[in-house]
Amino acid sequence: MKEVKKLGINTTCVHVGEVKDEQFKGAVSPIYPATSYAFDGVDVKRYPRYFNTPNQEMLHKKIAALEKTEDALILGSGMAAISAALMAFLKKGDHVVVQQVIYGGTYNFIVSEFDKYGIEYSFTESDKIADFKSLIKKNTKVLYIETPSNPLLGITDMKAISALAKENGILTMIDNTFASPINQNPVEFGIDIMLHSATKYMGGHSDISAGAIAASKTHIEQIWKTAINFGGNLSDQTVWLLERSLKTLNLRVKEQTKNAQIMAEYLEDNKDVDNVYYPGLKSHPQFNLAKKQMKGFGAMLSFELKEGIDAMKFQNNLQLIKPSMSLAGLESTTVSPTQTTHALLSEEERLARGIKNGLIRFSVGIEEVKDLKEDIEQAIKKAKS
């Protein structure tokens, strides 16, 4: 097997997975928008729903290189990636153990759909390894984790999860959206399948909806067989936009991560803020674990204002930071998880997971931190008046 030269992260972002413009020698990948390709005398019978158009095929290579896996698959949304991956390995009578605090859409998918298929599921009480171990059954096929978790930025020990799974012949899956491949590569800790809402850091400009899966060739092939039946492919225009966005992934995420650390420390010292959840703070209960398995602590954090300061009044008075549904764009945004990502959970379910009504999730962008601090100060002042 020919040895592949190891490239730097920025070089990988820019050059791996390019579609070469052989005809005109353009500097960027051309777009192949065709939905119909030749079937006779060709090596590959191409069709968009089969995830093998030229733009799709090459983008898979870039994502696999970033996650340090053999292969990857790009789909229409993060939930398309999560649902295709889970359904590819679970059938009637199987059981999955799921981390308690996860993205609300994933939780809703599991509790809304799995009973219809006769798939059993158990949610852990925490992100501790003992909780996973106690729930494993003879029919357990998958351990599903999310670290850092949405929205409380909890950290799960990937190496311990991987070891537990391998002892029991179980597959591991992780939602790696919050960390991105820049701050964390779960395959290095033995995790089998990496999932992303590529809408977030991979897209990075709040203008793309996509999902990504990175894994071994064998696992991707099995997921592909399910994914083609679900039909969750992207248009090649969007695939092209995502490949363009990934070229600056490292530059964007590094800057956002640097800003997030500063903002987390600022909020922790702010007299009007009650709690700050960020794995880069020494006060975070899993700070040392985060240091071991993350290259950077990410650009996501959450916080709670002091009692008496209304979270929505605060957000509605922000002038620079945008109260917005999604996350991970170049621009800083806030959101109330109780009204968005975890709105489908009951209040009792949210509180059991530590998600209070006043919790604010903060996606830190690339703006100057001085401007972000000033915006927060003036919004708190107005919310208190």
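Look up: the structure comes first, before these words.
Quick caveat, the model's predicted, so the values are computed rather than measured.

### Notes on helix α8 (residues 217-230)
Between its terminal C-alpha atoms α8 stretches 20 Å, which fits the 20 Å expected from 14 residues at 1.5 Å a residue. Where α8 bends most, the angle comes to about 25 degrees, and this point is Trp224. Restricting attention to buried positions, one finds in α8 the residues His219, Ile220, Ile223, Thr226, Ala227 and Ile228. Residues of α8 that are buried in the fold lie against β1 (71-75), α3 (78-89), β5 (171-175), β6 (193-197) and β7 (211-215). Where α8 terminates, the next one or two residues include Gly231, which has phi positive at roughly 70 degrees.

### Structural notes on the nonpolar core
Counting 73 residues, the largest nonpolar core has Leu301, Phe303 and Phe314 as its most contacted members. For this core, the element with the highest residue contribution is helix α10 (residues 249-268), accounting for seven residues. Those residues in contact with Leu301, other than ones at most four positions away along the chain, are Leu153, Ala260, Met263, Ala264, Leu267, Tyr277, Tyr278, Ile360, Arg361, Phe362 and Val364.

### Brief notes about the packing of aromatic side chains
Enumeration according to the criterion identifies 10 aromatic pairs in this entry. With 4.9 Å between their ring centres and 40 degrees between their planes, Tyr107 and Phe123 make a pair best called tilted. Remark: Phe123 occurs in strand β3 (residues 120-123) and Tyr107 occurs in helix α4 (residues 104-117); sequence separation between them is 16 residues. Judged by centre distance (5.9 Å) and plane angle (70 degrees), the rings of Tyr121 and Phe123 are edge-to-face. Exposure remark for Phe123: the relative accessible area of 18% places this residue in the buried category. By way of ring pairs, the aromatic residues Tyr107, Phe109, Phe114, Tyr121 and Phe123 are connected into one cluster.

What counts, and where the lines are drawn
- Residues numbered from 1 in each chain as written.
- Predicted model: local features only at pLDDT ≥ 70, side-chain atom pairs only at ≥ 80, totals over all residues.
- Heavy atoms only, no water.
- Helix = DSSP H or I, 4+ residues; strand = E, 2+ residues; numbered from the N terminus.
- Expected span 1.5 Å × (residues − 1).
- Bend = angle between axes of the 7 residues up to and from the residue.
- Buried < 20%, exposed > 50% of the residue type's maximum accessible area, 1.4 Å probe, protein only.
- Contact = heavy atoms within 4.5 Å.
- Core = buried A, V, L, I, M, F, W, Y, C linked by side-chain atoms within 4.5 Å.
- Phe/Tyr/Trp six-rings, centres within 6.5 Å; stacked < 30°, edge-to-face > 60°.

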